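# Examination of the molecular architecture
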Amino acid sequence: SLKDFAQRVSLDALLRNEVSPELIRDRIVLIGYTDFSDRNSDDFNTPYKDSIPGVYLHGQMISQLINAALEDRPLIRWWPIWGEMGWILLWSGVGGLVFWGLVRPGRVLAASLGAVGLLTLACYGFLVGPVVWVPWVPALLGGGITGGAVGYMTYRLRKG
């Protein structure tokens, strides 16, 4: 939980000298707001929780940077927008080719599952290898939408 991430001390306790110096010595100290009842609080929405205080978000960022430096771990990178768009277009083309080249539903299903598996393995490989975040969902949607459109058009043309 967020409350277990770091030791919290109130400003009142600090000003009344109720905080042990050992709690602060040789540590990074972040001062921030954790009360959401105030309209001026700096809260951020995340995929894991409705919102978290900004000071916790900054603490997580600092923790990641320090761990990357001390443990010689690479930080996650991402492609520029043209790289991501090229990746999505590539998988859109794959989806179109799968539905255009294969007519029978069994073959289309097998090739589609194979393409989704290949896409998943490629994205995972980029994440654990060179540590690059590669878009999975947009590529999957691009392949599915293009494949569905091409499959529909191919079906209509072959049906007559």
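Residues numbered from 1 in each chain as written. Predicted model: local features only at pLDDT ≥ 70, side-chain atom pairs only at ≥ 80, totals over all residues. Heavy atoms only, no water.

Quick look at the packing of aromatic side chains now. Think of a pair of aromatic rings as described by two things: how far the centres are apart, and how the planes are tilted against each other in angle. Using the criterion set out here, one finds four aromatic pairs in the structure. Summarising the aromatic geometry, the rings of tryptophan 79 and tryptophan 87 are spaced 5.5 Å apart at their centres and angled 70° between planes, so their arrangement reads as edge-to-face. Residue class for tryptophan 79 comes out partly exposed when judged on its relative accessible area of 22%. Overall, the relative accessible area of 10% leaves tryptophan 87 in the buried class. Centroid distance tryptophan 87 to tryptophan 91: 5.9 Å. Interplanar angle 65°. Geometry classified as edge-to-face. In this pair, tryptophan 87 and tryptophan 91 both sit in helix 4 (residues 81-101), four residues apart, roughly one turn of the helix. (Phe/Tyr/Trp six-rings, centres within 6.5 Å; stacked < 30°, edge-to-face > 60°. Buried < 20%, exposed > 50% of the residue type's maximum accessible area, 1.4 Å probe, protein only. Helix = DSSP H or I, 4+ residues; strand = E, 2+ residues; numbered from the N terminus.)

This part is about the packing of helix 4 against helix 5 (residues 105-128). Between helix 4 and helix 5, whose axes approach to 9 Å, the crossing angle comes to 160°. By the criterion of interaxial angle, the relationship of helix 4 to helix 5 is roughly antiparallel. Handedness of the helix 4/helix 5 crossing: right-handed. Where helix 4 abuts helix 5, its residues Trp87, Trp91, Val94, Val98 and Phe99 lie against Val108, Ala111, Ser112, Ala115, Leu118, Leu119, Ala122, Cys123 and Phe126. Tallied by class, residues from the contact of helix 4 with helix 5 come to 13 nonpolar, one polar and no charged. (Axes fitted to C-alpha atoms, helices over the stretch in contact; angles between N-to-C directions. Parallel < 35°, antiparallel > 145°, perpendicular 65-115°, else oblique. Left-handed = near helix turned anticlockwise from the far one by under 90°. Contact = heavy atoms within 4.5 Å. Nonpolar A, V, L, I, M, F, W, Y, C, P; charged D, E, K, R; others polar.)

With that settled, consider the packing of helix 4 against helix 6 (residues 137-159). For the pair helix 4 and helix 6, the least separation of the axes is 7 Å and the interaxial angle reads 30°. Here helix 4 is positioned roughly parallel relative to helix 6, judged by the angle of their axes. When the axes of helix 4 and helix 6 are compared, the crossing they make is right-handed. Contact with helix 4, carried on its side by Trp87, Ile88, Trp91, Ser92, Gly95, Gly96, Phe99 and Trp100, involves Pro138, Ala139, Gly142, Gly143, Thr146, Gly147, Val150, Gly151, Thr154 and Arg158 of helix 6 and no other residues of that element. When the residues that make up the contact of helix 4 with helix 6 are grouped by side-chain class, the tally is eight nonpolar, nine polar and one charged.

Take the nonpolar core next. Counting eight residues, the largest nonpolar core consists of Trp87, Trp91, Ala115, Leu119, Cys123, Val132, Val134 and Ala139. Considering each element in turn, this core owes the most residues, three residues, to helix 5. Beyond its immediate stretch of four places on either side in the chain, tryptophan 91 contacts Ala115, Leu118, Leu119, Ala139 and Gly143. (Core = buried A, V, L, I, M, F, W, Y, C linked by side-chain atoms within 4.5 Å.)

On to helix 4, then. Since there are 3.6 residues in each turn of an α-helix, residues three or four apart along the chain are aligned in direction. For helix 4, which comprises 21 residues, the first-to-last C-alpha distance of 30 Å matches the rise-based estimate of 30 Å (1.5 Å per residue) to within 8%. As for helix 4, its buried residues are in contact with helix 5 and helix 6. (Expected span 1.5 Å × (residues − 1).)

Limitation: the analysis is restricted to geometry and does not speak to function.
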